[in-house]
Amino acid sequence: MRNILITGGAGFIGSHVVRFMVGKYPDRRIVNLDKLTYAGNPANLRDVENSPNYTFIKGDICDYELVCRIIRDHGIDGIVNLAAETHVDRSILDPLVFARTNVMGTLTLLQAARDCWNGEWSGKMFYHISTDEVYGALPLDGGAFDETTRYDPHSPYSASKASSDHFVRAYHDTYGMPTLISNCSNNYGAYQFPEKLIPLTINNIRHRRVIPVYGRGENIRDWLHVEDHARAIDLILHSGRAGETYNIGGNNECRNIDLVRMLIGAADRMLGRSEGESLSLITFVEDRAGHDLRYAIDSSKLQRELGWQPAITFEDGIERTVRWYLDNEEWFDSVTSGEYMLYYDKVYGNRR
Ligand code: NAD
Ligand code: DAU
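About the cut-offs
The residue numbers shown here count from 1 along each chain, following its written sequence. Chains carry letters and ligands carry numbers; both start at the beginning, A for chains and 1 for ligands, and go up in the order they are written. Selection of residues for local features in this predicted model requires a pLDDT of at least 70, selection of side-chain atom pairs for listing and counting requires 80 or more, and totals for whole chains, interfaces and linings are taken over all residues. The side-chain values count all of the structure's non-hydrogen atoms but skip hydrogen atoms and water molecules. To qualify as a helix, a DSSP run of H or I must reach at least 4 residues; to qualify as a strand, a run of E must reach at least 2; elements of each kind are numbered from the N terminus. Burial here depends on accessible area, computed with a 1.4 Å probe over protein chains only, as a share of the maximum for the residue type. Under 20% is buried, over 50% is exposed, and the range in between is partly exposed. We call two residues contacting when some pair of their heavy atoms lies within 4.5 Å. By convention in these notes, a residue is near a molecule or strand provided one of its non-hydrogen atoms lies within 4 Å of it. What qualifies as a polar contact is a pair of N or O atoms within 3.5 Å, subject to a donor-acceptor requirement within protein and to the restriction that residues adjacent in sequence count only when both atoms come from side chains. Computed by Shrake-Rupley with a 1.4 Å probe, the accessible areas treat only the displayed protein chains as cover when residues are assessed. Think of it as three bins: nonpolar holds Ala, Val, Leu, Ile, Met, Phe, Trp, Tyr, Cys and Pro, charged holds Asp, Glu, Lys and Arg, and polar takes everything else, Gly as well. Strand pairing is assigned whenever DSSP identifies at least 2 bridges connecting the two strands. Axis definition: a line fitted to C-alpha atoms, over the contacting stretch in the case of helices. Angles run 0 to 180 degrees between N-to-C directions.

K.L.:
Just checking my understanding: could you explain the overall build of the protein chain for this structure?
P.N.:
For the protein chain, the count of helices and strands is 12 helices and 12 strands. C-alpha atoms of the protein chain, sized along the principal axes, occupy 60 × 45 × 40 Å. Looking at the protein chain residue by residue over its 352 residues, the buried ones come to 59%. The contacts in the protein chain between residues at least 6 apart in sequence include a share of 83% that link residues at least 24 apart.

Below you can see the structure in the form of structure tokens.
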């Protein structure tokens with residue numbers, strides 16, 4: 001595989017994948033196709049934007065002609081699809097855009113790759129990045145999703161991701177296209193848009209705004225540092241078996257309320273505030289509709305077959321993450337100006 005098209009590379013995970021591959025493969029072309037929605041930010045890639053092996057193209061994965069042109073002009077033989085609408089709360093407010101980008105966008109990429117590669121599958125790979133949310137929710141008392149768990153999505157977001165996964169498998173089974181899918185648990189780290197729990201909490205601590213915790217904060221997520229995810233994506237792209245699915249998880253299950261308290265502990269210390277000062281910001285708010293109780297990932301297939309292991313411990317990763325956001329206030333301010341506060345007020349009813 002020579003030249004790689006990464007879609008959604010200006011977003012949170014995509015920017016880490018682009019940075020990783022631009023650095024690791026100086027003799028290959030890494031092309032980033034991103035529409036730059038509210039979640040895409042060229043500033044996430046300032047440090048690599050002038051690299052000779054990197055090309056950025058602003059555009060939509062739903063644009064068949066554009067995708068074909070990119071595949072042909074750049075001799076693309078590997079596609080990593082990260083472009084998506086990704087926020088569950090937004091999918092509850094406006095599901096149609098999730099179907100358009102996540103379902104039709106993925107299908108457009110598949111069809112463009114099929115037409116351009118024209119049955120010459122040797123050295124080609126279509127790799128689709130999916131989520132653990134397609135598997136639904138787990139009870140509190142045990143179990144974890146593995147690659148054979150039945151799909152049971154509950155939100156418009158997870159339903160759209162599940163649908164796109166099915167199309168990817170259909171292209172493998174019907175046309176023989178070499179495909180890969182990975183389903184990952186919650187990521188955390190630098191450059192995540194502050195609509196998601198961790199950066200939102202840190203930003204609100206910084207501004208002494210209330211920290212909205214849905215329900216009683218008892219829902220559980222399994223957290224993985226985004227750099228461990230980027231490494232896993234690179235490994236799966238180059239060593240995964242075509243047609244297979246790999247689960248990726250951090251083995252760090254945590255209740256939301258415990259995570260928020262951890263973030264407060266670290267941020268208060270770094271900001272020179274008294275211990276626990278920001279605990280009073282915690283505010284229990286109305287629960288998310290259809291809120292999945294617990295996610296947990298069994299990633300033993302990836303560990304066994306490809307030798308992947310997460311390298312960053314949860315404690316160290318959270319410490320580094322809080323430090324990064326507090327050291328990069330101008331990044332926070334640039335992405336939370338304007339439209340962000342309109343969305344924030346719509347979801348949180350002016351609770352500031
Ligand atoms: P993100 O919201 O931070 O970024 C998404 C990116 O896609 C943005 O840069 C946006 O501009 C771009 N985009 C959106 N619509 C587009 C379109 N029509 N054409 C081209 N670009 C478009 O997302 P993220 O959190 O980095 O997630 C990336 C992928 O990983 C998604 O597919 C998501 O489902 C999956 N995933 C995310 C997590 C997580 O915890 N964040 C976990 C597992 C899987
Ligand atoms: O599991 C992987 C998924 O993780 C990805 O596929 C999604 O793209 C990504 O957004 C993430 O989904 P979640 O819904 O788990 O992430 P979010 O940060 O929105 O919420 C994490 C938990 O925190 C969830 O139980 C809801 C809760 N929450 C969230 C927000 C934004 C709150 O209690 N308060 C909040 O303000």
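K.L.:
When you look at the environment of Ile-264 in this model, what are you seeing that I'm missing?
P.N.:
Within the element layout of this structure, Ile-264 appears in helix 8 (residues 256-270). Under the relative-accessibility criterion, Ile-264 is labelled buried at 0%. Each C-alpha atom of the pair Ile-264 and Ile-282 lies 9.6 Å from the other, and the pair is 18 residues apart in sequence.

K.L.:
Help me understand the site of ligand 1, please; the structure alone is not making it clear to me.
P.N.:
The local shell around ligand 1 holds 28 residues, among which Ile-13, Asp-34, Thr-86, Tyr-157 and Lys-161 are the closest. Take Gly-11: an N or O atom from its main chain is 2.9 Å from an oxygen atom of ligand 1. A distance of 2.9 Å is found between an oxygen atom of ligand 1 and a backbone nitrogen or oxygen belonging to Asn-187. Across the complex, the protein chains shield 97% of the 840 Å² of accessible surface that ligand 1 would expose by itself. Listing elements by their share of the shell around ligand 1, those giving two or more residues are helix 1 (12-24), strand 5 (125-131), helix 5 (156-175) and strand 7 (186-188). Considering every element that reaches the shell around ligand 1, the biggest residue donor is strand 5, with three residues. For the shell around ligand 1, a count of residues per class yields 12 nonpolar, 12 polar and four charged.

K.L.:
Would you mind showing me how to read the sheet that holds strand 2 (residues 30-34) here?
P.N.:
The parallel open sheet is built from seven strands, whose spatial order is 3-2-1-4-5-6-10. Across the chains shown, the open sheet's two edge strands, defined by having one partner strand only, are strand 3 (54-58) and strand 10 (245-248). Averaged over all pairs of adjacent strands, the angle between their axes in this sheet comes to 20°, without regard to strand direction. Of the strands in this sheet, strand 1 (3-7), strand 2, strand 3 and strand 4 (76-81) touch helix 2 (residues 64-73), which is tilted by about 175° from strand 2.

K.L.:
Just to check I follow, could you spell out the sheet that holds strand 9 (residues 220-225) for this structure?
P.N.:
Two orientations exist for strands paired in a sheet by backbone hydrogen bonds: parallel and antiparallel. Overall, mixed pairing links the three strands, which are arranged 7-9-11 in an open sheet. Two strands bound the open sheet, and with one partner strand each, they are strand 7 and strand 11 (253-255). Strand after strand, the sheet turns through a mean of 50° between neighbouring axes, direction not considered. As judged from the three bridges shared by strand 9 and strand 11, these two strands associate in the antiparallel manner.

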